[in-house]
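So the chains spell out like this:
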Amino acid sequence: MNIDYHALLPVEIVAVTILLVLVVDLFLPARAKAASMWVGFLGVAAALGAVISLIGQGPRVVFGGAYVVDAFTLIFQGFFLIAAIVVLLISYRYLRDGGFYQGEYYFLLLTAFLGCTLMPASRNLLMLFLALELVSAPGFLLAAFRKSDIRGNEGGLKFFIIGVLSTAVMLYGMSLICGLTGRLELNAVAQGLAGLSGARETLADVAIVFVVIGFAFKVSAVPFQFWAPDTYEGAPVPVAGFLAVASAAAGFAGLLQLMFVAFVGQSTFWAPIFAVLSVLTMTLGNLVALRQRHAIRLLAYSGIAQSGYILLPFALVSANTEVNQNAFQAAVVYILIYAVMNIGAYAVTTAVAERRPSLQIEDFSGLARTSPLLAVAMTAFMVSLAGVPPTGGFWGKLAIFAVAIERAGIGPWLAGIMVINSVISVGYYFLIPRAMIFEDPVEGETRLATPTLLGFVVAASLVVIVAIFIVPNALYRLGELSALAFGS
């Protein structure tokens, strides 16, 4: 078998970097353990360069179609590697000053990102499962990385137990699909499912439900969302950012491939299920978020609501190929925009946590006076999450809204529910900006110095989220290319 090593190069570099971090950490003195981050940073940057080198070379197929490099793959691999760089940067001072096992942390984090980079290239059921578990397994350990924190232990254990259960259900569903069709490749599975009838077709529908349940846990969809707030609150703040952005995006990357490629022929069965999941997820996430006064729990329930918005395009899939392409494009665009504004919010929260680790909303009081950059950036991120201009979040929600209206039928109803939920979300997204701008800082509190790396991440995220609003077509073009890669 001829192996296209160039196509595999981003994954190969990340894998080698993981080993280097593990080995280098063994020889570093205690005071120099933070150097592990820079090893990881250089490796991820090199992998990003490898992704760039693959642009414009057309689809590349490896391992008999199990691993494919196309526009969808490159867009998401580039996204995940940039996210890895950001999480590494915001972790640096947090880990260095917190007395954590830094080498082990970066090893686990990079292993999870290895799974992320594999996910968009995986084009059969087995590869999708392996990639998803490579993301999830290190996440269980990272969530409970603060071993002396009872909330961290509780959140990590809850994440692990529910994660293992969802994995078992998903794997059972995949095994049924494989048994019914005799194939693992997504396109071949679609062809096999199209030829089923009677009891075998019913069994296939049950198997699809099992697979959806497994992925619903990964993306925090209702009713499988209850692990997220406790896990995020108990985890180190950078880990919460990773789970909310990269881990969730990896789940959506896998779900997009399954539903728009392998299971698209059964959309009349599962599209209504996604409609219910979307409405319940966005509504419950927003309503419960209104009562939160802890910043991380607020962001966790915000993430649940945002997952509901991203699930909406799945409910629009039909026999109309053009609508499917537009729905796919809208989902990709929203995932990318959501990632920028959410990782920016977690970066600001990480900076505030250094001085006020309790991270109650009142801990952001007066931030506009003690750290204007953080206050301006956090306000922009919250406004963007609410979908209010002039931020990129507005275009993300508009893309989904437009596709829903175009779909007709159930589409306008879902669009209306999304608009109502967006209005509700303003009630909690503006809580932190109000505290930062209109409330006084704690008496005697001096200016909050922003660490250099954190400041860079916050500033870069702020620039990107504003730039997306000004020039949205570039991001829409990426979504269009990703949809065309599948010919949805």
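For the structure, check the block above.
Just so we're clear, the structure is a prediction, and the values are computed from it rather than from any experiment. (Residues numbered from 1 in each chain as written. Predicted model: local features only at pLDDT ≥ 70, side-chain atom pairs only at ≥ 80, totals over all residues. Heavy atoms only, no water.)

A. Local environment of the overall build of the chain. Looking only at helices and strands, the chain has 20 helices and two strands in total. Taking 2.2 N^0.38 as the reference for a compact globule, 488 residues should give roughly 23 Å; the C-alpha atoms of the chain span a radius of gyration of 21 Å, in line with that estimate. With the C-alpha coordinates aligned to their principal axes, the bounding extent of the chain is approximately 75 × 55 × 40 Å. Looking at the chain residue by residue over its 488 residues, the buried ones come to 60%. Contacts in the chain between residues at least 24 apart in sequence constitute 80% of all its contacts with a sequence separation of at least 6. Carbon and sulfur atoms make up 69% of the accessible area of the chain, which totals about 17,900 Å². Distance from the positive charge centre (24 side chains) to the negative charge centre (24 side chains) of the chain: 3 Å. (Helix = DSSP H or I, 4+ residues; strand = E, 2+ residues; numbered from the N terminus. Rg over C-alpha atoms; globule rule 2.2 N^0.38 Å. Buried < 20%, exposed > 50% of the residue type's maximum accessible area, 1.4 Å probe, protein only. Contact = heavy atoms within 4.5 Å. Areas by Shrake-Rupley, 256 points an atom, 1.4 Å probe, with all protein chains shown as cover. Lys, Arg positive; Asp, Glu negative; His and termini not counted. Charge placed at Lys NZ, Arg CZ, Asp CG, Glu CD.)

B. Layout of the nonpolar core. Counting residues in hydrophobic clusters, the biggest one holds 183 residues, and the most contacted among them are Tyr 232, Leu 258, Met 259, Phe 263, Phe 274 and Phe 314. With 22 residues, helix H13 (residues 321–353) is the single largest residue contributor to this core. With near-sequence residues (within four places) excluded, Phe 263 lies in contact with Ile 177, Val 189, Leu 193, Ile 208, Val 211, Leu 258 and Trp 270. (Core = buried A, V, L, I, M, F, W, Y, C linked by side-chain atoms within 4.5 Å.)

C. Quick peek at the pattern of salt bridges. Throughout the structure, instances matching the rule amount to eight salt bridges. A salt bridge links Arg 297 to Glu 233; the nearest nitrogen and oxygen atoms lie 2.8 Å apart. Taken as a pair, Arg 297 in helix H12 (residues 295–311) and Glu 233 in helix H9 (residues 227–234) lie far apart in primary sequence, 64 residues in all. Ionic contacts of the salt-bridge type, sharing partners, join the residues Arg 151, Glu 154, Lys 158, Asp 230, Glu 233 and Arg 297 into one network. (Salt bridge = Lys/Arg side-chain N within 4 Å of Asp/Glu carboxyl O.)

D. Region of interest: unusual backbone geometry. Note that the residue after Val 222, namely Pro 223, is joined by a cis bond; omega there is 5°. Relative to the helices and strands, Pro 223 resides in the loop between helix H8 (198–218) and H9. Omega for the peptide link from Pro 389 to Pro 390 comes to 5°, which places this bond in the cis form. Position of Pro 390 among the secondary structure elements: in the loop between helix H15 (372–386) and helix H16 (392–407). The phi dihedral of Ser 220 falls on the positive side, at around 60°, and the residue is not glycine. Inspection of the secondary structure puts Ser 220 in the loop between H8 and H9. The phi angle at Leu 359 is positive, at roughly 55°, despite the residue not being glycine.

E. Structural view of H15. Along its 15 residues, H15 runs 21 Å from first to last C-alpha, staying within 8% of the 21 Å computed at 1.5 Å per residue. Most of H15 is tucked away: eleven of the 15 residues are buried. A positive backbone phi angle near 80° is found at Gly 387, which sits one or two residues after H15. (Expected span 1.5 Å × (residues − 1).)

F. Inspection of the environment of Ile 75 at higher detail. Mapping Ile 75 onto the fold places it in helix H3 (residues 71–98). Given the relative accessible area of 13%, Ile 75 is considered buried. A sequence separation of 44 residues divides Ile 75 from Arg 31, and the C-alpha atoms of the two residues are 38 Å apart.

G. Geometry of a nonpolar patch on the surface. Taken together, the side chains of Leu 22, Val 23, Leu 26 and Phe 27 present a nonpolar region at the surface, about 450 Å² in accessible area. Mapped onto the elements, Val 23 comes out in helix H1 (residues 5–27). Note on Val 23: relative accessible area 43%, which makes it partly exposed. (Patch = residues over 30% accessible without salt bridge, like charges linked within 9 Å, V, L, I, M, F, W, Y side chains within 5 Å.)

H. Broad picture of the layout of surface pockets. There is about 560 Å³ of room inside the largest pocket. Together, 24 residues line the largest pocket, and Phe 79, Ile 82, Leu 336, Val 340 and Val 464 are the ones closest to its centre. Of all the elements in the fold, those that place two or more residues in the lining of the largest pocket are H3, H13, helix H19 (452–470) and helix H20 (473–486). The biggest single contributor to the lining of the largest pocket is H3, with eight residues. Looking at side-chain class alone, the lining of the largest pocket contains 22 nonpolar, two polar and no charged residues. (1 Å grid on protein atoms, 1.4 Å probe; cavity = no way out; pocket = protein on both sides within 12 Å on 5 of 7 lines; lining within 4 Å. Points joined across faces, edges and corners; volume = space filled by probe spheres on them. Nonpolar A, V, L, I, M, F, W, Y, C, P; charged D, E, K, R; others polar.)

I. Summary view of the side chain of Asn 342. Here Asn 342 lies in helix H13. With a relative accessible area of 0%, Asn 342 lands in the buried category. Other than its neighbours up to four places away in sequence, Asn 342 contacts Ala 244, Val 245, Leu 299 and Leu 385.

J. Up close: empty space enclosed by the protein. Using the criterion set out here, one finds four cavities of 30 Å³ or more in the structure. The set of elements that each furnish at least two residues to the lining of the largest cavity consists of H9, helix H10 (237–262) and H12. Of all the elements, H12 adds the most residues to the lining of the largest cavity, at four residues. Along the lines of polarity and charge, the residues of the lining of the largest cavity split into ten nonpolar, three polar and one charged.

K. Just helix H6 (residues 150–181), in detail. In a regular helix each residue adds 1.5 Å, so 32 residues correspond to 46 Å; H6 covers 46 Å between its end C-alpha atoms and thus fits that length. Downstream of H6 by one or two residues, Gly 182 has phi in the positive range, about 75°.

L. Inspection of the packing of aromatic side chains at higher detail. Enumeration according to the criterion identifies 26 aromatic pairs in this entry. When the centroid spacing of 4.9 Å and the interplanar angle of 45° are considered together, the rings of Phe 72 and Phe 76 count as tilted. Pair noted here: Phe 72 and Phe 76 are both in helix H3, with a separation of four residues, about one helical turn. A single burial state applies to Phe 72 and to Phe 76, both of which are buried. Between Phe 159 and Trp 227, the aromatic rings sit 4.6 Å apart at their centres with planes inclined by 10°, giving stacked as the arrangement. Residue Phe 159 is located in helix H6, and its partner Trp 227 is located in helix H9; the two are separated by 68 residues in the primary sequence. Judged by its relative accessible area of 4%, Phe 159 falls in the buried class. (Phe/Tyr/Trp six-rings, centres within 6.5 Å; stacked < 30°, edge-to-face > 60°.)

M. Broad picture of the packing of H15 against helix H18 (residues 431–438). For the pair H15 and H18, the least separation of the axes is 9 Å and the interaxial angle reads 155°. With respect to H18, the element H15 is oriented roughly antiparallel. Of the two possible hands of crossing, H15 and H18 adopt the one that is left-handed. Judged by residue contacts, Ala 375, Met 378, Thr 379 and Met 382 of H15 engage Ile 432, Pro 433, Met 436 and Ile 437 from H18. A per-class count over the contact of H15 with H18 returns seven nonpolar, one polar and no charged. (Axes fitted to C-alpha atoms, helices over the stretch in contact; angles between N-to-C directions. Parallel < 35°, antiparallel > 145°, perpendicular 65-115°, else oblique. Left-handed = near helix turned anticlockwise from the far one by under 90°.)

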